[in-house]
Amino acid sequence: MGGQSPPLQLKPGMTQLSSTTVKDALESTAPIDAIQVQGWVRTRRDSKDFSFIEMNDGSCLRNLQIIARNSLPNYAALQRMTTGASISVRGTLVPSQGKGQTWEVVADKIDIVGTADDSYPLQKKGHTPEFLREIAHLRPRSNLFGCVFRVRSRLAFAIHKFFQERGFVYVHTPIITGSDCEGAGELFRVTTLDPKAGPRRLDGSIDYEQDFFARCTYLTVSGQLEAEAFACALSKVYTFGPTFRAENSNTSRHASEFWMIEPEMAFCALNGNMDLAEELVKYLIVDVREHCPDEMELFAKFVDKELLARLDFVVDRPFQRINYSDAVDLLKRSGAKFEFPIDYGLNLQSEHERWLTEKHFQCPVTVFNFPKEIKPFYMRLNDDGKTVAAIDLLVPGIGEIVGGSQREERIDVLEENMRRHKMDLADYKWYLDLRRYGTVPHSGFGLGFERMLMFITGVPNIRDVIPFARTPGSAEF
RNA sequence: UCCAGCGUAGCUCAGUGGUAGAGCGGUCGGCUGUUAACCGAUUGGUCGUAGGUUCGAAUCCUACCGCUGGAGCCA
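Small disclaimer: the values here were computed from a predicted structure and weren't measured.

Parameters at a glance
Residues numbered from 1 in each chain as written. Chains lettered and ligands numbered in written order. Predicted model: local features only at pLDDT ≥ 70, side-chain atom pairs only at ≥ 80, totals over all residues. Heavy atoms only, no water. Near = heavy atom within 4 Å. Helix = DSSP H or I, 4+ residues; strand = E, 2+ residues; numbered from the N terminus. Nonpolar A, V, L, I, M, F, W, Y, C, P; charged D, E, K, R; others polar. Buried < 20%, exposed > 50% of the residue type's maximum accessible area, 1.4 Å probe, protein only. Core = buried A, V, L, I, M, F, W, Y, C linked by side-chain atoms within 4.5 Å. Contact = heavy atoms within 4.5 Å. Arc of directions from axis to C-beta. Domains from an automatic or database assignment. Buried area = accessible area lost by both parts, 1.4 Å probe. Salt bridge = Lys/Arg side-chain N within 4 Å of Asp/Glu carboxyl O. Polar contact = N/O pair within 3.5 Å; in protein donor to acceptor, adjacent residues only side chain to side chain. Pairing = 2+ DSSP bridges. Axes fitted to C-alpha atoms, helices over the stretch in contact; angles between N-to-C directions.

**Some thoughts on the protein's contact with RNA strand B**
Then step 1. Around RNA strand B, a shell composed of 52 residues is seen, among which Glu104, Arg133, Thr251, His254 and Arg451 lie nearest.
Then step 2. Restricting attention to atoms of RNA strand B within 4 Å of the protein, one finds that 49% of them are sugar or phosphate atoms.
Then step 3. Among the elements of the structure, strand 1 (32-46), strand 2 (50-56), strand 3 (64-69), helix 3 (129-134), strand 11 (257-266), helix 10 (350-360), strand 15 (399-407) and strand 16 (442-448) are those that each provide at least two residues to the surface near RNA strand B.
Then step 4. When the residues that make up the surface near RNA strand B are grouped by side-chain class, the tally is eleven nonpolar, 24 polar and 17 charged.

Listed below in structure tokens is the structure:
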């Protein structure tokens, strides 16, 4: 044939000149004769013979200033253009004559790709996070949420980097699961059966043996049990994926769908587990501080003035470690007024955790060795016969960010635990096999991805660090 | 799910029993290498919904809905 592919049909404003991001343009070390930039108008100001357009493309926090001279053929249309419009600009990158930016683009051609009328909800002035939450599809165009979601991306990358650098294998554990294990809150049922017309058993209940998977299935609440299987083969593994809890919990720290990181290490006892959790938290802070300086500066300025000092403090010092019974003693002797009682055998309440991490130690605290009665079946029984090798890592402002344990590797002890928790051992045959064949001491923990992101950005509500948050009564978008 | 608070213009909020308000935004005009520009004018409302009390309700009462904060569960 002719050997020539037909020219691409490009919409107005789309050209074949490859475009430069705002980030790259602003970081340029020299003027550029011919440049193309594309993005959304943040604000526009008229001068006598030209118009200043501030354009943002999400590549960074900062805007690029475009100079639109009144000699442009569509100048009248440009002057009618409002915040939110999308544009494609060709021109030259030159040193700015004004203050506040080093570079600006003097436009030869500005195509208005898409207009935005005056119903566009984002104004150039500040909005509350609560309002922006109602327009979750537009809020990434705001400074705050652009920053949050760039940091979210970097944090996810840093997590993989941390584990890959240390020889951990990334394992994809199932999202649809058959184990309603550990009674970790309410589960979302997965079914294809019609709840009204589905097949029934004799007692009138729905017969899930005739369901898609021929059994009850749920969205996962944790990949831990499956991760243990892989740790007992590949030695060091981690999962990083979505998790679902149908708890009717309505707080700034809970979501129905969230992401969790769950490392699991064979031949590892509780101390190694604590070391890894501490190293991970510090690594993530350092990484984001280094790679997202503009974003961190915005959070420090508009979200939390103490943020950078607190993060530096966390990175610089060893985390406090205290066993549960010492923590209880400390709380009892504190003289502080608590709403809830504190005593050995009771769960630490939020106010107690807060006192430990915010008032007493004023830094992250790892509490370990909890009474077995208040912890799940899979945690390893300590020699005292009363406590299990569990850890909770508490951080100021958030509370629990990591929960983990050494796992019970002795099959007889594990089976006894399961019976005490009134579990059906037959349902966990595969899990018990891990102890039956070549069992090893192993440990792991869960790190809440969003809680870590909240801690690093200072953003106080989990709904504001998730692109489209799912919470009880709310699954819009 | 429990406790508390809040729903008034596109946004942020004032108005607590007697004519529905301000700032910002939008629009128009002016000025200007501007920086959340500035100056002037103007636009803008089912006061969350439904009922009730009252001569009269944004305001008082009841229910419901939504949001926010706190608690529990946890990550």
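There's plenty left to go through after this.
**Quick look at the environment of lysine 337**
Then step 1. Structurally, lysine 337 is set in the loop between helix 9 (324-333) and helix 10.
Then step 2. Judged by relative accessible area, lysine 337 falls into the exposed class, the value being 84%.
Then step 3. The spacing of lysine 337 and glutamate 351 is 14 residues in sequence and 9.7 Å in space, taken between C-alpha atoms.

**A short note on the nonpolar core**
Then step 1. The biggest cluster of nonpolar side chains holds 58 residues, and the ones touching the most others in it are Leu155, Phe163, Leu284, Leu447, Met452 and Phe455.
Then step 2. Per-element tally for this core: the top contributor is helix 4 (residues 143-165), with ten residues.
Then step 3. In this structure methionine 452 touches Leu155, Val281, Leu284, Ile285, Ile401 and Leu447, once residues within four positions along its chain are discounted.
Then step 4. Of all hydrophobic cores here, the second largest spans 32 residues; its members include Leu331, Leu356, Ala390 and Leu434.

**Description of helix 9**
Then step 1. Among all positions of helix 9, only Tyr324, Ala327, Val328, Leu330 and Leu331 are buried. Considered in projection along helix 9, the buried side chains sweep an arc of 160° and stay on one side of the axis.
Then step 2. Buried residues along helix 9 sit against strand 12 (320-323), helix 10 and strand 13 (365-371).
Then step 3. Remark: glycine 335 follows helix 9 within two positions and exhibits a positive phi of approximately 80°.

**A short note on the domain arrangement of chain A**
As a measure of interface size, the accessible area lost when the parts come together is often cited.
Then step 1. The assigned domain composition of chain A is domain 1 (22-114) and domain 2 (141-169 + 222-464).
Then step 2. Look at where the C-alpha atoms of domain 1 and domain 2 centre, and you get two points 46 Å apart.
Then step 3. The junction of domain 1 with domain 2 conceals about 600 Å² of combined surface from both sides, 45% of it contributed by carbon and sulfur atoms.
Then step 4. When the buried area of domain 1 at its contact with domain 2 is split by residue, Trp40, Arg42 and Leu61 rank highest and sum to 71% of it.
Then step 5. The interface formed by domain 1 and domain 2 holds zero salt bridges in total.
Then step 6. Linking domain 1 with domain 2 are three residue pairs in polar contact (both at pLDDT 80 or more).
Then step 7. Taken together, the residues of the side of domain 1 that touches domain 2 sort by class into three nonpolar, three polar and two charged.

**Here's the deal with the sheet that holds strand 12**
Within a sheet, adjacent strands bond to each other through the backbone by hydrogen bonds, running parallel or antiparallel.
Then step 1. Here eight strands make up an open sheet; going across it, the order is 6-10-11-16-15-14-13-12 and the pairing mixed. One side of each edge strand has no neighbouring strand; the edge strands of this open sheet are strand 6 (169-170) and strand 12.
Then step 2. Contacting strand 6, strand 10 (236-244) and strand 11, helix 4 runs over the sheet at an angle of about 155° to strand 10.
Then step 3. The strands touched by helix 6 (residues 270-291) are strand 11, strand 12, strand 13, strand 14 (387-395), strand 15 and strand 16; relative to strand 16, the strand with the most contacts, the crossing angle is about 30°.

**Side note on the pairing of strand 1**
Then step 1. Two elements, strand 1 and strand 4 (residues 86-95), share seven bridges in a ladder whose sense is antiparallel. Each bridged residue has a counterpart across the sheet, and for glutamine 38 the counterpart in strand 4 is serine 88.
Then step 2. Pairing between strand 1 and strand 2: six bridges, direction antiparallel. Bridging from a neighbouring strand, aspartate 46 pairs with serine 51 of strand 2.
Then step 3. Linking strand 1 to strand 2, which pair antiparallel, is a turn of three residues.

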